[in-house]
Amino acid sequence: MLFEACGAKYHIKEELLDETNVDDVVVALVELARSGNVDDYQSSKKEFKNMKDNLQSFWDKLVCECQHGPLFDQILFEKCMGYIIALSCTPPRVYRQTATLMGLQLVTSFITVAKTLGVQRETTRRQLEAEKKKQSEGPRVESLNKRFSMTHENITILEQMMRNIFQGLFVHRYRDIEPNIRTSCIEALGVWILSYPSMFLQDLYLKYLGWTLNDKNAGVRKASVLALQNLYEVDDNVPTLGLFTERFSTRMIELADDIDISVAVSAIGLVKQLLRHQLLPDDDLGPLYDLLIDDPAEIRHAIGALVYEHLISQKFISSQSGAKGVENNSSEVQLGRMLQILREFSADPILSVYVIDDVWEYMNAMKDWKCIISVLLDENPLIELTDEDATNLVRLLCASVKKAVGERIVPATDNRKPYYTKAQKDVFEHNKQDITLAMMKNYPLLLRKFMADKAKIPSLVDIILHMNLGLYSKRRQEQNFETVLQLIKEAFFKHGEKEALRSCANAIMLCSTDSQGELKDTARNLVKELHDELIHNKLKPAMKEVVDGGDEYPLLVNLKRMYELQLSGNVPIESLYEDMVSTLQSYTNKDDQVVTFLLLNMYMHVQWSLHAIIHSPTISEASLSSILAKRDSLLERLEYILNSCLEMEGNRCNQLARWVCVILTDLSRLFKKTNFASSKLEKLGYSPDASVLQKFWKLCVQQLSISDGTEDDDGNKEYIEETNRDTVMMAAVRLAVTDKVYKEYLGPEIISRFVMHGTSGAEIVKHLITFLKKNDDDLPKTFLEALKMAYHRYMVELSRSDDESLASKHFLEFQELAAQLSGTFIGASKNKHKSDILKIVNEGIEYAFIDAPKQLSFLEGAVLHFVSKLPTPDILEISNVNIQNRTENVNMDEDPSGWRPYHTFVQTLREKFAKIEGIQEEKDGTSVRRRGRPRKRRNIQGKRLFDDHGSSEEEDSISGSDHENAQDEEEQQDEDEDDDDDEDVPLINQIRSSSKLRSLKVSREGNKGQT
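Residues numbered from 1 in each chain as written. Predicted model: local features only at pLDDT ≥ 70, side-chain atom pairs only at ≥ 80, totals over all residues. Heavy atoms only, no water.

Peer 1: Before we move on, can you summarise helix 40 (residues 834–848) with the specific residues and values?
Peer 2: For helix 40, built from 15 residues, the straight-helix expectation of 21 Å at 1.5 Å per residue is met to within 8% by its first-to-last C-alpha distance of 21 Å. D836, I837, I840, V841, G844, I845, Y847 and A848 are the residues of helix 40 that are buried. Each buried residue of helix 40 lies within a common arc of 165° when the element is viewed along its axis, so the set occupies one face. (Helix = DSSP H or I, 4+ residues; strand = E, 2+ residues; numbered from the N terminus. Expected span 1.5 Å × (residues − 1). Buried < 20%, exposed > 50% of the residue type's maximum accessible area, 1.4 Å probe, protein only. Arc of directions from axis to C-beta.)

So this is what it looks like as structure tokens:
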């Protein structure tokens, strides 16, 4: 049965069992495996899914049934252990895996019996001591002595068998090349130490858990961490773990930032256990707190739980009894400690939101709305707020409100909309009511108190977006609602910063659409008043003042207000539109910010006007003529500014130029001719002419060559993140996919810059390539034109520059472009697009031989990458026909260096063909193709697992050399790992809109790279 469980059909005759040599049997079994006559019952096939559990159950029941006799005769189990240990050290994986499983289960079952015997021994000892007090000798004492000796002897036998399996099996298999085997060993060791500490809870065995914290496989590391978690949960184990903790605590902390998320989360739980027992100084926790702003949410929330328990609720600190302990856990005390943490992140609101998100789930004080409001209104004497603390507490209140109603405050990496059950939605609705009731009477007080504070007012105003406005009517609080609206309107005109304006605009628009009855009428009236005041009392006088040579700031700030209003809804500025056009025409100072917001407001108005016409039941000629006039006047000013930006030297006009690119793209897409073809709106169709398209791309190239960090001295920093280089690249890509004409011109130009503008720029270009592969019938032409453009930049630089490094840089970019484009043809795509690849190769060769040998480096830099994607017959044809026929009557000795790329290209083709041909001959010589897992090499590295290492007896202390042995083993595993060719699949991911979040991610990765 033992051999059959390993998958081998091998039998030993009963009469020869005692005489059979274990080594001879194992050699025969290995030969069976080499000949392929072994079944793998450990595979994932459905019929074998219960094999592991059944096998473990069998050995457990066998040990249990034999505990009253055969278990201790040192015949049956000694023989079984001999075969199991020998099989566990053989090269075939299936033998090692099955034998390891059986050996580990034997130890686990032995422990069960030993614990039972230990209880019996202790009972017998107590009975013996009691009996000796009555009489020192006698049949009863003799019987108890005999039973005690026998029980002790049986325990000793069991412990010796455990040691034999540990030394013969575990010390080799815990570092097996197969991760599953290593994981099984560590999981079993954790169970042994926990269930039988009298034998296993010592450094002799603990060190294996410490060593495997460095294992290269995540599953093994996690098994070790979980085993240690279970050990530290038992308070009685902690004193014995002192030396082990001192030796490996640094590694435990490092694992909190493990590359595998599940390992990192488990390691954070382990660190919490160490803190609970006060085994770690606070100074060692610094790297962990950095993970509060890490990307994976699971890691952040695990660290949040640690921060809450250790720093906020202080569960790990010895609690004090009485009322003082209750007081220490009050909402006020916890909020004070949280504010202390947030002070470290005050300079960056985004980081503060990350920390709040991490801790929110565990900290109920964040949902104590009344407490937070009372602290903000200085009604709570327990907390005295500084201005910095008040700002952080307002941010905390706003973020907590959003979390309570089910909104994300930290963007998800997958950008998917969260799904909530009905029960969760009910909880969110209940929270919304609680928030509204807590804020209803206090909201005006908070707004009045912090009205002038630009750091606090955006977060305060945002809260109304998450309140149940209907409760104002039900609770007869209409006056408070009107007061809140008036205060938000006051804040709108008091502040000129983007965040405050956007929050106020969104709040006012929501109240005018989502409220009911009288509340809705009140909100709409306020919106009308707001529009009238902004247009007639603010913007028109400001425009006149600028035209007359006055101050520009009032115009700029009121244009920003109008822009933010138009982002949230339609604003009737028909009477103002012509004034904007005339202001642009007569504006001689050309302040970039003022011009930018004039253009943005004009564009937003045109967009809203088009929206109104499309959704109108009747369309009048007057409305069509009006929108055409507005659109054309906007396009005229855009083209004028486009020419002006191109004429400017240096990096002036960055933000304005980028907005021009974005607006031109959006107008071209909005008024795309096919959108209105064969309809009453056909005359609205628009397409920029070739000259505008060329200027547009020239401006894009100019802006793409300017770093995001290089901005105008007086630039508007608030909107920079909306107009970075990625925005320009995205605008060009969106325009390219709008129309076939744009695609033919812009497609190759954009793709030629694939690798020139960083990772985020490359991701945007991948969007375009994916679109073209699905929709473009002439993809080879687009790719080839892009390669020619990149090559042309290299040739121009080579001819005019004495700096070889600069030309070399352009050539490397050209090569990388070819590698990336050829890399889009992978897997089945190579066969599907074979004709496209051939076309690129043939036309690329044609281009390379124009005026040879001047452009032959095109072969080496580009064509070679695509040739490698072709099958062998095509490579041979290209080499013999398309290449060599071109050089039959050419004297290449006249310019040897010029023809060097040609010789390199031909030589590479020959080497590739020879390599493929050799592989094919090897396949042809194989009569049977072996399916499933590849057979291991005969010179199996598994034998090294027990050649050069001493027994555990020789390693009875934790030292630095132990760790070196573990590292040596990891290197051995690296050498034996099978090398699989990973295919680079194009990733189409949405680009984060916030440059702050993107820079945060980059900085975190940079920090990791330095550690």
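Peer 1: Got a sec to walk through the packing of helix 25 (residues 498–514) against helix 26 (residues 517–547)? Specific residues and values, please.
Peer 2: At a minimum axis distance of 7 Å, the contact between helix 25 and helix 26 shows a crossing angle of 140°. Classified by the interaxial angle, the pair formed by helix 25 and helix 26 is oblique. At the point where helix 25 passes helix 26, the crossing takes the left-handed sense. Of the residues in helix 26, those touching helix 25 at I508, C511, S512 and T513 are K520, A523, R524, L526, V527 and L530. (Axes fitted to C-alpha atoms, helices over the stretch in contact; angles between N-to-C directions. Parallel < 35°, antiparallel > 145°, perpendicular 65-115°, else oblique. Left-handed = near helix turned anticlockwise from the far one by under 90°. Contact = heavy atoms within 4.5 Å.)

Peer 1: Run through the packing of aromatic side chains, naming residues and quoting values.
Peer 2: By convention here, two paired aromatic rings are described through the distance between centres and the angle between planes. As enumerated under the stated definition, the model contains 32 aromatic pairs in all. Each ring, one from Y791 and one from Y794, has its centre 5.8 Å from the other, and the planes form 50°; the classification is tilted. Of this pair, Y791 and Y794 are both found in helix 37 (residues 779–800), three residues apart, which corresponds to roughly one turn of the helix. Each ring, one from Y791 and one from Y847, has its centre 6.3 Å from the other, and the planes form 80°; the classification is edge-to-face. Of the two residues, Y791 is situated in helix 37 and Y847 in helix 40; the sequence distance between them amounts to 56 residues. When sorted by exposure, Y791 lands in the same class as Y847, which is buried. An aromatic cluster is built from F166, F170, Y174, W192, F200, Y205, Y208 and W211, whose rings are joined through pairwise contacts. For K367, the ring lying beneath its charged end belongs to W360, and the centroid distance is 4.2 Å. (Phe/Tyr/Trp six-rings, centres within 6.5 Å; stacked < 30°, edge-to-face > 60°. Lys NZ or Arg CZ within 6 Å of the ring centre and 35° of its normal.)

Peer 1: Run through the pattern of salt bridges, naming residues and quoting values.
Peer 2: Here the idea is simple: oppositely charged side chains can pair when their charged atoms come close. One pass over the structure, following the stated rule, counts 33 salt bridges. Among the salt bridges present, the one from R126 reaches E122, with a minimum N-O distance of 4.0 Å. Of this pair, R126 and E122 both sit in helix 5 (residues 93–134), separated by four residues, roughly a single helical turn. The partly exposed category is assigned to R126, whose relative accessible area is 47%. Given a relative accessible area of 33%, E122 falls into the partly exposed group. Linking E813 and K809 is a salt bridge whose minimum nitrogen-to-oxygen distance equals 2.9 Å. With E813 and K809 both in helix 38 (residues 804–822), this residue pair falls four residues apart, about one helical turn. Each member of the salt-bridge network shares a partner with another, and the members are E122, R125, R126 and E129. (Salt bridge = Lys/Arg side-chain N within 4 Å of Asp/Glu carboxyl O.)

Peer 1: Provide a residue-level description of unusual backbone geometry, including the pertinent values.
Peer 2: Put simply, A852 and P853 share a cis peptide bond, and its omega is 5°. Take P853: it is sitting in the loop between helix 40 and helix 41 (857–867). The backbone of D378 shows a phi angle near 60°, a positive value even though the residue is not glycine. Its place among the elements puts D378 in the loop between helix 18 (369–376) and helix 19 (387–404). Judged by relative accessible area, D378 falls into the exposed class, the value being 53%. A positive phi angle is found at R476, which is not glycine, with a value near 55°.

Peer 1: Give a description of helix 25 that names residues and reports values.
Peer 2: With 17 residues, helix 25 extends 24 Å from end C-alpha to end C-alpha; this agrees with the ideal 24 Å at 1.5 Å per step. Within the span of helix 25, buried status applies to K498, A500, L501, S503, C504, A505, A507, I508, M509, C511 and S512. Lining the buried residues of helix 25 we find helix 22 (457–462), helix 24 (478–494), helix 26 and helix 27 (553–568).

Peer 1: Tell me about the state of the cysteines, and name the residues and values.
Peer 2: All chains considered together, the criterion is met by zero disulfides. The thiol of C66 is not disulfide-bonded; the next cysteine sulfur, from C80, is found 9.0 Å away. With a relative accessible area of 9%, C66 lands in the buried category. Looking at C80, the relative accessible area reads 13%, which means it is buried. (Disulfide = S-S within 2.5 Å.)

Peer 1: Describe the nonpolar core, listing the residues and the values that go with them.
Peer 2: Soluble globular proteins tend to pack their nonpolar side chains together in the buried interior. Judged by nonpolar contacts, the single largest core of 286 residues is most densely connected at F110 and F200. At 13 residues, the largest contribution of residues to this core is made by helix 5. Once you skip the residues sitting within four places of it in the chain, F200 turns out to touch V107, I111, M162, F166, W192, I193 and Y205. (Core = buried A, V, L, I, M, F, W, Y, C linked by side-chain atoms within 4.5 Å.)

Peer 1: I'd like to hear about the confidence of the model for the protein chain, residue by residue, with values.
Peer 2: Per-residue confidence for the protein chain gives a mean pLDDT of 82, with 83% of residues at or over 70. The element-level mean pLDDT for the protein chain is lowest in helix 45 (residues 995–1010), coming to 41, with helix 22 highest at 96. Overall, residues 318–326 carries pLDDT values under 50, and its contacts beyond four positions in sequence, including any with other chains, amount to two contacts. Low pLDDT, under 50, characterises residues 920–1011; the predicted model gives this stretch 116 contacts beyond four residues in sequence or across chains. (pLDDT = per-residue confidence, 0-100.)

Peer 1: I'd like a rundown of the environment of I435, residues and numbers included.
Peer 2: If you trace the backbone, I435 turns up in helix 20 (residues 422–439). Along the sequence, I435 and W369 sit 66 residues apart, while their C-alpha atoms lie 6.7 Å from each other. I435 has contacts with W369, V401, A404, V405 and M467, leaving out every residue within four places of it along the chain.

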